[in-house]
Amino acid sequence: MTRETVDPELVVRAWGHSERASARAGVVVRALETDEELEAARYVWDTTWPGQPGGTEITQHLLRTLLHTGAYVSGAYVGDDIIGACLGLVARAEDDDGGWHTHLHSHVAAALPGRADRGLGTALKVHQRAWALDRGYDRIEWTFDPLVRRNARLNLVKLGGTAVRYYENFYGDMLDGINVGDASDRFILRWDLASERVETALEGSALPPSRDELIALGAQQALSVDGDGVPVVHDVDSPVRLVALPEDIVAVRGSDLARAKQWRQAVRAAVAPVVDAGGRVVSLTAEGDYVVEVGS
Ligand SMILES: CC(C)(COP(=O)(O)OP(=O)(O)OC[C@H]1O[C@@H](n2cnc3c(N)ncnc32)[C@H](O)[C@@H]1OP(=O)(O)O)[C@@H](O)C(=O)NCCC(=O)NCCS
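The notes below deal with the structure included here. (Residues numbered from 1 in each chain as written. Predicted model: local features only at pLDDT ≥ 70, side-chain atom pairs only at ≥ 80, totals over all residues. Heavy atoms only, no water.)

### Here we look at the environment of Tyr 171
Looking at the secondary structure, you find Tyr 171 in the loop between strand S6 (162-167) and strand S7 (186-192). If near-sequence neighbours (up to four positions away) are discounted, Tyr 171 is found in contact with His 107, Thr 143, Ser 184 and Arg 186. Side chain to side chain, Tyr 171 and Thr 143 meet in a polar contact 2.9 Å long. (Helix = DSSP H or I, 4+ residues; strand = E, 2+ residues; numbered from the N terminus. Contact = heavy atoms within 4.5 Å. Polar contact = N/O pair within 3.5 Å; in protein donor to acceptor, adjacent residues only side chain to side chain.)

Here's what the structure looks like:
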């Protein structure tokens, strides 16, 4: 898809989704450009991922260069106050069929501490989708930590993305307050912007399946939690598998790093080989299990 071939009605609908998502979250999302606006976005990212004193996630000069070379930079505002920000990079990657595909790679999206769970993340991503479709992109990809259940719900259920790759320790060691102490395994989330699956999700019509419902249909639990809260991996062979997640891995990392590492190993063992063999993570149950489909 290019700017010339994108369906104009799809773009109009995408901006409509963006306006409604922003209104639901009580914010105005807009593309950023001035030095002051870029500083404000960097403040959001540095506050979200507090690293070394004086350190920064992305320098002002780098951000200016990225913007100049086609990046997407947005902020979510309440009045004059920025409370969320997102950055997407122009990217080129080899596709499943061996061809090369240009897409947007979303590098960071963040809501300031205390601002989560009110639709802000959705508002940022849905604005990013409309911006991207308007410029002829048909796909956005980003990484996310397979252990973070909030992001799994946002990415798979609310936005209708699909996890298509699993990387062990993608970024190497990370020192910021959210990730410190654990390996930085990441999924690649693929968001096919023009797909019916995504439009259905954005209409709010893609309800998460329930664990029992899927088990009744033949799914097996590849990872469950025992009575002491310990993750247990099971040897299963069904085409659809359920993989339980901790409710809040960032809190577990803060209180019990050994348990957090146990979760990392367990989810990696239950998911990575299936995704490596062509499987996909397509949803998150209402109870918080990944729904993993084995590749054909
Ligand atoms: C990721 C982030 C941007 C999402 O923003 P947000 O405003 O919280 O996102 P939304 O409110 O649109 O969606 C979050 C959803 O997860 C749900 N959720 C929260 N915690 C959950 C949990 N433990 N299990 C399942 N769902 C959970 C929320 O209820 C909400 O779903 P709902 O609206 O259907 O109820 C934000 O939380 C953040 O800044 N996190 C830290 C940085 C980060 O991880 N960024 C992403 C990687 S770059």
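### Remarks on the pattern of salt bridges
The full count for this structure, using the stated rule, is 17 salt bridges. Notably, a salt bridge pairs Asp 192 with Arg 139, separated by 3.3 Å at the nearest N-O pair. Pair noted here: Asp 192 is in strand S7 and Arg 139 is in strand S5 (residues 139-144), with a separation of 53 residues, a long-range link. Connected via shared salt-bridge partners are Asp 95, Arg 139, Glu 141, Arg 190 and Asp 192. (Salt bridge = Lys/Arg side-chain N within 4 Å of Asp/Glu carboxyl O.)

### A closer look at the nonpolar core
Among the nonpolar cores identified, the biggest contains 61 residues, and Phe 187, Trp 191, Val 271, Val 281 and Tyr 290 are the most heavily contacted of them. Among the elements that make up this core, the one with the highest residue count is helix H9 (residues 257-276) (nine residues). Of the residues that make up this core, three or more belong to each of domain 1 (8-202) and domain 2 (211-293). Core analysis: the next-biggest nonpolar cluster, separate from the first, contains 20 residues, Val 44, Ile 58, Tyr 77 and Ala 85 among them. (Core = buried A, V, L, I, M, F, W, Y, C linked by side-chain atoms within 4.5 Å. Buried < 20%, exposed > 50% of the residue type's maximum accessible area, 1.4 Å probe, protein only. Domains from an automatic or database assignment.)

Any functional reading would require information that these geometric values do not contain.
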